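What follows is each chain in one-letter form.
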Amino acid sequence: MSRGVSDKITFKPYSQEERWLLPPSLDELIPQNHFVRTVSKTVDELNIEKIFAKYTKGGGASRYNPVMLLKVMIYCYMTGVYSSRQIAKQCRENINVMWLAGNQTPDFRTINKFRGEKLKDAIEEIFISTVKLLNIKGFVSLEKYFVDGTKVESASNKYTFVWKKAVEKNEKKLDEKLRVFLKEVEEITDVENREYGNKDLAELGEDITVTSEEIKAVADKINKKLDEIADSINEESKDVKKKLKKAKRLIEKDYLPRKEKYEKANATFKGRNSYSKTDEDATFMRMKEDAMLNGQLKPGYNIQVGTENNFVIGYDVFPNPTDTRTLKPHLENVMNRLDCKFETIIADAGYGSEENYDYLEEKEITGAIKYSTYEKETKRSFKKKTFNFENWNYDSNQKLYTCPAGNPVPYKKTVTKKNHSGYLQTYDVYQCDNCEGCPYRELCTKSEYGRMVQRNEHWLEQKSKVKNLLATDEYKKLMKKRSTECETVFGQIKANQKFRRFHLRGSKKVGTEWGLLMLGYDFKQLARLS
């Protein structure tokens with residue numbers, strides 16, 4: 001056997017009862033380059049006066065320091081711990097969180113109250129302070145803004161839906177019943193409805209809506225009439241009493257509660273097609289995470305996130321599922337918060353619309369944004385589609401298309417359409433008069449009136465500008481970089497940190513949760529670059 005080599009097996013000493021001569025501090029046990037130190041250091045540099053302003057009442061036991069609670073919340077959210085009970089557990093067991101908390105152990109109620117009440121009105125200011133700090137340190141310039149959206153499921157139950165169409169349908173049926181019912185009540189009480197003059201409700205038409213206030217007014221009239229004939233004992237009065245009491249029961253037990261329910265629902269929709277009963281700010285929308293593969297709609301939020309240099313510098317929570325209608329309010333919010341003006345906005349085709357291009361042009365912001373058919377139009381297969389009118393010859397002087405059969409498709413009229421946000425779009429309508437007997441008719445159109453096409457000159461000009469812009473090398477690089485900006489944020493949050501569902505309800509509290517996630521993401525990036 002060579003020198004220094006032994007067959008004897010040895011183990012390191014092990015004893016759980018071994019004592020330290022001097023107990024180590026938690027600070028000694030945490031590596032100097034650990035990102036928990038970045039969290040602590042960065043929060044100490046932020047302006048968080050707004051959190052302190054939330055503490056208005058004195059007396060009683062001393063409070064936990066909000067700086068400590070904020071550090072704990074950010075660190076736990078960036079490490080995938082979201083439950084208030086689990087966060088409280090981390091304060092007792094996780095050495096990094098124990099160090100942040102200074103060995104203090106707030107319980108889950110304290111954590112939940114801080115997150116749900118104290119932090120919800122201050123998280124925006126904290127995030128803005130973080131972005132401005134990143135700008136001062138040179139990590140972001142606030143010139144280019146990469147924006148994208150993702151849908152995150154609400155904490156509400158997926159079967160708590162209220163649909164606008166169903167409410168409108170049921171309310172219309174109720175109004176029909178009410179018109180007949182109120183007329184019968186008037187006949188019984190022999191009281192004219194002065195509000196409608198000589199007309200009764202039945203004569204006002206089928207589309208007149210009866211309000212809950214009108215139903216309450218009828219209920220008051222019934223009560224007055226019952227008081228008037230309370231002491232009457234003739235047969236006619238008994239019959240009237242019986243009918244009025246029945247009418248009163250119908251109003252109190254059925255008609256009035258239903259009407260109030262429909263009115264409340266209509267007030268809650270706020271331009272949406274649906275909402276959840278247990279989280280009225282959430283809208284039902286399709287999620288990419290579809291375990292059943294049946295396209296089931298779930299209550300959720302559309303989260304808009306903007307980045308630069310892989311740092312999140314803006315976010316917003318929206319209830320509407322489409323990205324197109326979120327760009328304008330989102331940019332307004334972010335630029336107002338940061339008191340800046342972006343030079344270039346980079347986004348995917350989900351944001352490409354006539355309205356958005358006009359808005360960016362008005363604000364003198366360059367929009368590197370594809371439109372929905374951009375990729376299709378660059379392919380040969382698109383140009384080979386003979387019956388696509390965009391490939392037809394167009395004479396701008398005569399305002400005339402020529403179809404594949406050689407027939408003229410002349411201008412007929414100009415129409416203006418208004419979208420959901422009130423934006424006006426103008427179209428020129430062209431229609432062929434020679435479709436009868438055309439050998440290509442079945443391939444060209446199914447309309448019995450002949451082929452009709454709509455041309456939007458302003459939209460065509462915008463598309464041309466976008467094509468020219470995105471053809472340059474500078475913007476090709478920006479569009480390529482776009483996929484590594486916002487998509488990285490969503491990948492980290494949803495895949496790595498397993499955050500696929502909010503834990504709080506209501507847009508304010510949802511914004512608090514997402515704000516904590518974005519702060520954690522930026523702190524991670526800061527730790528990596530530092």
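Check the entry above for the structure.
Presented here is a report on the structure given in the accompanying data block. Only a predicted model underlies this, so the values are computations on that prediction, with no experimental measurement involved.

What counts, and at which threshold
- Residues numbered from 1 in each chain as written.
- Predicted model: local features only at pLDDT ≥ 70, side-chain atom pairs only at ≥ 80, totals over all residues.
- Heavy atoms only, no water.
- 1 Å grid on protein atoms, 1.4 Å probe; cavity = no way out; pocket = protein on both sides within 12 Å on 5 of 7 lines; lining within 4 Å.
- Points joined across faces, edges and corners; volume = space filled by probe spheres on them.
- Helix = DSSP H or I, 4+ residues; strand = E, 2+ residues; numbered from the N terminus.
- Nonpolar A, V, L, I, M, F, W, Y, C, P; charged D, E, K, R; others polar.
- Expected span 1.5 Å × (residues − 1).
- Buried < 20%, exposed > 50% of the residue type's maximum accessible area, 1.4 Å probe, protein only.
- Contact = heavy atoms within 4.5 Å.
- Patch = residues over 30% accessible without salt bridge, like charges linked within 9 Å, V, L, I, M, F, W, Y side chains within 5 Å.
- Areas by Shrake-Rupley, 256 points an atom, 1.4 Å probe, with all protein chains shown as cover.
- Salt bridge = Lys/Arg side-chain N within 4 Å of Asp/Glu carboxyl O.
- Lys, Arg positive; Asp, Glu negative; His and termini not counted.
- Charge placed at Lys NZ, Arg CZ, Asp CG, Glu CD.
- Core = buried A, V, L, I, M, F, W, Y, C linked by side-chain atoms within 4.5 Å.

**Things to note about the layout of surface pockets**
Roughly 500 Å³ of volume is contained in the largest pocket. Taken together, the elements giving at least two residues each to the lining of the largest pocket come down to strand E4 (283-286) and strand E5 (297-308). A total of 4 residues in the lining of the largest pocket trace back to one element, the largest contributor, which is E4. Taken together, the residues of the lining of the largest pocket break down into 7 nonpolar, 9 polar and 6 charged.

**Here we look at helix H8 (residues 123-136)**
If you check H8, its first and last C-alpha atoms are 20 Å apart, about what 14 residues at 1.5 Å a residue would give, namely 20 Å. Residues Ile123, Ile126, Phe127, Ile128, Ser129, Thr130, Val131, Leu133 and Leu134 constitute the buried set of H8. In this structure, the buried residues of H8 make contact with helix H2 (35-45), helix H3 (49-53), helix H4 (66-78), strand E6 (311-318), helix H12 (327-338) and helix H19 (507-529). Looking at the residues trailing H8, positive phi occurs at Gly138, about 85°.

**Describing a nonpolar patch on the surface**
On the surface, a nonpolar cluster with roughly 320 Å² of combined accessible area is contributed by Tyr159, Phe161 and Trp163. Secondary-structure assignment places Phe161 in strand E2 (residues 161-163).

**Comments concerning a positive patch on the surface**
Residues Lys242, Lys245, Lys246 and Arg249 make up a contiguous surface patch of positive charge. With respect to the helices, strands and loops of the structure, Arg249 is situated in helix H11 (residues 235-269).

**Quick word on empty space enclosed by the protein**
Summed over the entire model, instances satisfying the criterion amount to 1 cavity of 30 Å³ or more. Lining the largest cavity are 15 residues, with Cys403, Ala405, Cys435, Cys438 and Cys444 sitting closest to its centre. The residue inventory of the lining of the largest cavity, partitioned by class, reads 11 nonpolar, 2 polar and 2 charged.

**Describing the nonpolar core**
Judged by nonpolar contacts, the single largest core of 93 residues is most densely connected at Ile345, Trp514 and Met518. Looking at this core, the element that brings in the most residues is H4, giving 11 residues. Judged by nonpolar contacts, the second largest core, of 24 residues, contains Val218, Ile229, Ile251 and Phe269.

**Thoughts on the environment of Glu49**
Mapped onto the secondary structure, Glu49 falls in helix H3. Residue Glu49 is classed as exposed on the basis of its relative accessible area, which comes to 55%. Distance from Glu49 to Asn434, taken between C-alpha atoms, is 74 Å for residues 385 residues apart in sequence.

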